[in-house]
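Below are the chains, spelled out letter by letter.
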Amino acid sequence: MAAAALPLAHVTEIAARTRAAHTGRTVGMAEVAAVRDMVTAFSAMDERHGGAHGRTALVQYLRDDIATLCRARHRTEEVRAQMLSAAGRAGLDLTRVQWTVSSHSGGGGHCIRIGALDGHILIGDTKNPDRTPHIFTPTELRAFLLGVRDGEFDHLVQPS
């Protein structure tokens, strides 16, 4: 079903990259891009056809392929971080999130955005909305906000 959303040659290339990771080859940014492409394809399929067809295929892809790519050797720590980010995005349906951006950001995209999903608080970067947001429990966010109110983090920000 996912093949309907991507050219067959691309799907074949993605499968080959995953097999390479199974054999111990080092994972690079091409594999990260492949995971992002497949996650996008599964999401598009779900939107187009409904019935959770894309979600079912995505769960299988997470279990059979993405998990291996996350555990593989990575060229750099940045590649590892990007792979984990791509994998994390696969598990989240961020289309349901109502994001809020501070009115103090000046509208220039130099701020964080915050939203809620399934009882968790998501904090993302307005400059990089495609990056997987950080996920916190309400208790964790409450502790952080109390620290902000008490000035515990003031030393990290230059006076404006």
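Everything below is about the structure printed above this text.
Since the structure is predicted, the reported quantities are computational estimates derived from the model, not experimental observations.

Reading the values: rules and limits
- Residues numbered from 1 in each chain as written.
- Predicted model: local features only at pLDDT ≥ 70, side-chain atom pairs only at ≥ 80, totals over all residues.
- Heavy atoms only, no water.
- Core = buried A, V, L, I, M, F, W, Y, C linked by side-chain atoms within 4.5 Å.
- Buried < 20%, exposed > 50% of the residue type's maximum accessible area, 1.4 Å probe, protein only.
- Helix = DSSP H or I, 4+ residues; strand = E, 2+ residues; numbered from the N terminus.
- Contact = heavy atoms within 4.5 Å.
- Pairing = 2+ DSSP bridges.
- Patch = residues over 30% accessible without salt bridge, like charges linked within 9 Å, V, L, I, M, F, W, Y side chains within 5 Å.
- Areas by Shrake-Rupley, 256 points an atom, 1.4 Å probe, with all protein chains shown as cover.
- Salt bridge = Lys/Arg side-chain N within 4 Å of Asp/Glu carboxyl O.
- Phe/Tyr/Trp six-rings, centres within 6.5 Å; stacked < 30°, edge-to-face > 60°.
- Lys NZ or Arg CZ within 6 Å of the ring centre and 35° of its normal.
- Expected span 1.5 Å × (residues − 1).
- Polar contact = N/O pair within 3.5 Å; in protein donor to acceptor, adjacent residues only side chain to side chain.

Participant: Lay out the nonpolar core in plain terms, naming residues and giving numbers.
Facilitator: Among the nonpolar cores identified, the biggest contains 19 residues, and Val-35, Tyr-61, Ile-66 and Met-83 are the most heavily contacted of them. Broken down by secondary-structure element, the contributors of at least two residues to this core are α2 (29-49), α3 (53-71) and α4 (77-90). Sort the elements by how many residues they give to this core and α2 lands first, with six residues. Once you skip the residues sitting within four places of it in the chain, Ile-66 turns out to touch Val-35, Val-39, Tyr-61, Ala-87 and Ala-90.

Participant: An account of the sheet that holds strand β1 (residues 100-101) is requested, with residue identities and associated values reported.
Facilitator: With antiparallel pairing, the four strands of this open sheet are ordered in space as β1-β2-β3-β4. With partners counted over all chains shown, the strands left at the sheet margins are β1 and β4 (134-136), one partner each. With six bridges connecting them, strand β2 (residues 112-117) and strand β3 (residues 120-125) associate as antiparallel partners. Each bridged residue has a counterpart across the sheet, and for Arg-113 the counterpart in β3 is Gly-124.

Participant: So what about a nonpolar patch on the surface? Which residues, and what values?
Facilitator: A contiguous nonpolar patch, built from Phe-144, Leu-145 and Val-148 and spanning about 240 Å² of accessible area, is present on the exposed surface. Here Val-148 shows up in helix α5 (residues 138-149). Residue Val-148 is classed as partly exposed on the basis of its relative accessible area of 39%.

Participant: An account of the packing of aromatic side chains is requested, with residue identities and associated values reported.
Facilitator: Counting across every chain of the model gives one aromatic pair. Arranged with centres 5.1 Å apart and planes meeting at 35°, the rings of Phe-144 and Phe-153 form a pair that is tilted. Taking relative accessible area as the criterion, Phe-144 reaches 40% and is therefore assigned partly exposed. The class for Phe-153 is partly exposed, based on a relative accessible area of 30%. Above the ring of Trp-99, the side-chain terminus of Arg-113 is found at 3.9 Å from the ring centroid.

Participant: Break down α4 for me, with residues and values.
Facilitator: Between its first and last C-alpha, α4 extends 20 Å over 14 residues, near the 20 Å set by a 1.5 Å rise per residue. N-capping of α4 is provided by Thr-76, with a side-chain oxygen placed 3.4 Å from the backbone N of Glu-78.

Participant: Which residues make up the pattern of salt bridges, and what values go with them?
Facilitator: Should their charged atoms come close, side chains of opposite charge can pair. Evaluated as defined, the whole model comprises two salt bridges. In this structure, Glu-77 and Arg-80 form a salt bridge, with 3.1 Å as the shortest nitrogen-oxygen distance. A residue pair is termed a helical-turn pair when its members lie 3 or 4 positions apart in one helix, as Glu-77 and Arg-80 do in helix α4 at three residues. Glu-77 sits in the exposed class, given a relative accessible area of 53%. Note on Arg-80: relative accessible area 36%, which makes it partly exposed. Its salt-bridge partner being Asp-125, residue Lys-127 comes within 3.5 Å of it at the nearest N-O pair.

Participant: Which residues make up the side chain of Gln-82, and what values go with them?
Facilitator: Relative to the helices and strands, Gln-82 resides in helix α4. On the basis of relative accessibility, which here comes to 10%, the residue Gln-82 falls in the buried class. Excluding residues within four positions of it along the chain, Gln-82 makes contact with Met-29, Val-32, Arg-36 and Arg-131.

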